[in-house]
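# Coordinate analysis (summary)
Here's the letter readout for the chains.
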Amino acid sequence: LLIGSIRKDYRNYLKVRFFTGMRSGEIHGLKWKYVDFERNLILVREAFVGGEDEYTKNDSSQRDIPMNQVVKAAMLEQQKATGQMTYVFCNRAGEPIDTNNFTKRVWYPLLRHLKLDLRRPYQTRHTAATLWLAAGESPAWVATVLGHASQEMLWRRYARFLPNLTRQD
């Protein structure tokens, strides 16, 4: 519903957010040089925080995220719009998307329009994790793709979404 209803110029951005689990700073700092179409990977190497490119949150946040078909198609489509720029998702001046501006001028109005509870765009990260776990992906793999240093955070936040593999209850 969200992807189908958002402004067209943000549709690819939202697809990548929902299906990669990238943090806001990571997706805003994503540069084309970190998109590997040959190996179908997004290489998380930097984040855009406080108006500057920075090292990621921590060492475990440096990771390679596999592009599924939806993400790859969105990235190829986005390449037509911003492929000549440095940043994948940027404004007309080539600067990264501003988190505050996106949240207040695009995200919250979209949620209100759809009569959905307000939540931060960061929650798209939780959607990605939940979808992977519900699909039966290994929790170790999910934790790695999300950039967690260990599985502990994953278990605390997402254990309730793991399928009951024993079918005993």
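Heads up: the structure comes first, above all this text.
Residues numbered from 1 in each chain as written. Predicted model: local features only at pLDDT ≥ 70, side-chain atom pairs only at ≥ 80, totals over all residues. Heavy atoms only, no water.

## Describing the pairing of strand 2 (residues 41-44)
Regular strands show a simple pattern: their side chains alternate between the two faces of the sheet. Neither face of strand 2 is left uncovered, since the one carrying Leu41 and Leu43 and the one carrying Ile42 and Val44 both have all their residues buried. Sheet topology places strand 1 (residues 35-36) next to strand 2; two bridges connect them, and they run antiparallel. When the bridges of strand 2 are listed, Asp36 appears paired with Leu41. Connecting strand 1 to the next strand, strand 2, in antiparallel fashion are four residues, including Asn40 with a positive phi near 55 degrees. Bridge analysis of strand 2 against strand 5 (residues 63-66) gives four bridges, and the strand direction is antiparallel. For Leu43, the partnering residue across the bridge sits in strand 5 and is Asp64. (Buried < 20%, exposed > 50% of the residue type's maximum accessible area, 1.4 Å probe, protein only. Helix = DSSP H or I, 4+ residues; strand = E, 2+ residues; numbered from the N terminus. Pairing = 2+ DSSP bridges.)

## Let's talk about helix 7 (residues 139-146)
The complete set of buried residues in helix 7 reads Pro139, Val142, Ala143, Val145 and Leu146. Across the axial projection of helix 7, the buried residues extend over an arc of 165 degrees, all falling on one side. Of the surrounding elements, those touching the buried residues of helix 7 are helix 2 (8-20), strand 5, helix 6 (123-134) and helix 8 (152-158). One or two residues past the end of helix 7 sits Gly147, with phi positive at roughly 85 degrees. (Arc of directions from axis to C-beta. Contact = heavy atoms within 4.5 Å.)

## A few points about the packing of aromatic side chains
Applying the stated criterion to the full structure yields eight aromatic pairs. Residues Tyr13 and Phe102 carry aromatic rings whose centres are separated by 5.0 Å and whose planes lie at 75 degrees to one another, so their mutual orientation is edge-to-face. Placement of the pair is Tyr13 in helix 2 and Phe102 in helix 5 (residues 99-113), with a sequence separation of 89 residues. A residue is classified by how much of its surface remains accessible, and Tyr13, at 1% relative accessible area, is buried. The exposure class assigned to Phe102 is buried, which follows from its relative accessible area of 1%. Every member of this aromatic cluster is reached through a ring pair, and the members are Tyr10, Tyr13, Phe89, Phe102 and Trp107. (Phe/Tyr/Trp six-rings, centres within 6.5 Å; stacked < 30°, edge-to-face > 60°.)

## Comments concerning the sheet that holds strand 2
Ordered in space as 1-2-5, the three strands form an open sheet in which the pairing is antiparallel. Strands at the two margins of the open sheet, each flanked by one partner only, are strand 1 and strand 5.

## Here's the deal with unusual backbone geometry
The residue Asn40 is not glycine, and still its phi comes out positive at about 55 degrees. For Asn40, the position within the fold is in the loop between strand 1 and strand 2. A relative accessible area of 27% places Asn40 in the partly exposed class. Unusually for a residue other than glycine, Lys115 sits at a positive phi of about 60 degrees. Its location among the elements puts Lys115 in the loop between helix 5 and helix 6.

## Focus: the pattern of salt bridges
Proximity of charged atoms lets side chains of opposite charge pair with each other. In total, this model carries ten salt bridges according to the counting rule given. Where Glu46 meets Lys31, a salt bridge forms, and the shortest distance between an N and an O atom there is 3.2 Å. Here Glu46, found in the loop between strand 2 and strand 3 (47-49), pairs with Lys31, found in the loop between helix 3 (24-28) and strand 1; they are 15 residues apart in sequence, far enough to count as distant. Among the salt bridges present, the one from Arg39 reaches Asp36, with a minimum N-O distance of 2.6 Å. Note on Asp36: relative accessible area 17%, which makes it buried. Taken together, the shared-partner salt bridges connect Arg23, Glu26 and Arg63 into one network. (Salt bridge = Lys/Arg side-chain N within 4 Å of Asp/Glu carboxyl O.)

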